[in-house]
Amino acid sequence: MAETDSLLKRLVSTFTLDFAAWVLGTAVQTARPLQSELPGTTVAVDQVFQVTLANDRELLLHLEFQGRGSHEPMPWRMLEYMTRLAHLHRLDLESVVLYIGRGAGTDDTGIYQVNGLDGTPVLAWRYRVIRLWQMQAEELMAARQVAPLALLGQTQIAQPEVILPAVVTRIRSVGDVALRGHLLA
């Protein structure tokens, strides 16, 4: 996943506003990258941005890219990442895991809790799960943003003869030649 990880990080870093708007499902004014290494022991999240929404609300957008394998189970990794990010930045937080590769994240609900002695939750956390490999290509096509279309190859494409030319046309509409080149690569 290392080679894919760096490509995905570069893609999202280059098109931060598009990805923030797509993942959050709302208009975004600004998004600036923040330090990904978290204090304490050396722990780095894949990507984190401070995002200003169209309504001027500020929050952190935390993205993790995950294939089929993970040394530490994703729920426990996310708990550590999320608590450190919340403590460090003191902002609202939206964490999203994008699973890449058939079968990745199949059992991850994104909703977890630890119960106390009486069985009631003493700690609960949630994050959004996006399984790109289960997503229909049309879902990405429906996004207003062009940049997420670069993830199309990770989705299910029922009619490639229709979808692929449409995607290439949308990507070619990007005016900046260098950015267009990043998307087509």
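See the structure above.
Residues numbered from 1 in each chain as written. Predicted model: local features only at pLDDT ≥ 70, side-chain atom pairs only at ≥ 80, totals over all residues. Heavy atoms only, no water.

**Brief notes about the sheet that holds strand β4 (residues 47–53)**
And then number 1: Read from one edge to the other, the open sheet built from five strands follows the order β1-β4-β5-β6-β9, with strand pairing classed as mixed. Two strands bound the open sheet, and with one partner strand each, they are β1 (28–33) and β9 (128–131). Taken over all neighbouring pairs, the strand axes of this sheet differ in orientation by 25 degrees on average, direction set aside.
And then number 2: Examined bridge by bridge, β1 and β4 share five bridges and lie antiparallel to one another. Looking at the pairing, Arg32 lines up with Gln50 of β4.
And then number 3: Here helix α2 (residues 16–24) sits on the sheet and contacts β1, β4, β5 (58–66), β6 (92–99) and β9; the angle it forms with β1, its principal contact strand, is near 115 degrees. (Pairing = 2+ DSSP bridges. Helix = DSSP H or I, 4+ residues; strand = E, 2+ residues; numbered from the N terminus. Axes fitted to C-alpha atoms, helices over the stretch in contact; angles between N-to-C directions. Contact = heavy atoms within 4.5 Å.)

**Brief notes about the packing of aromatic side chains**
And then number 1: Evaluated as defined, the whole model comprises four aromatic pairs.
And then number 2: Each ring, one from Trp76 and one from Trp125, has its centre 5.2 Å from the other, and the planes form 55 degrees; the classification is tilted. With Trp76 in helix α3 (residues 74–89) and Trp125 in strand β8 (residues 121–126), this pair connects stretches of sequence that are 49 residues apart.
And then number 3: By relative accessible area, Trp76 is classed as partly exposed at 44%.
And then number 4: Since its relative accessible area comes to 7%, Trp125 is described here as buried. (Phe/Tyr/Trp six-rings, centres within 6.5 Å; stacked < 30°, edge-to-face > 60°. Buried < 20%, exposed > 50% of the residue type's maximum accessible area, 1.4 Å probe, protein only.)

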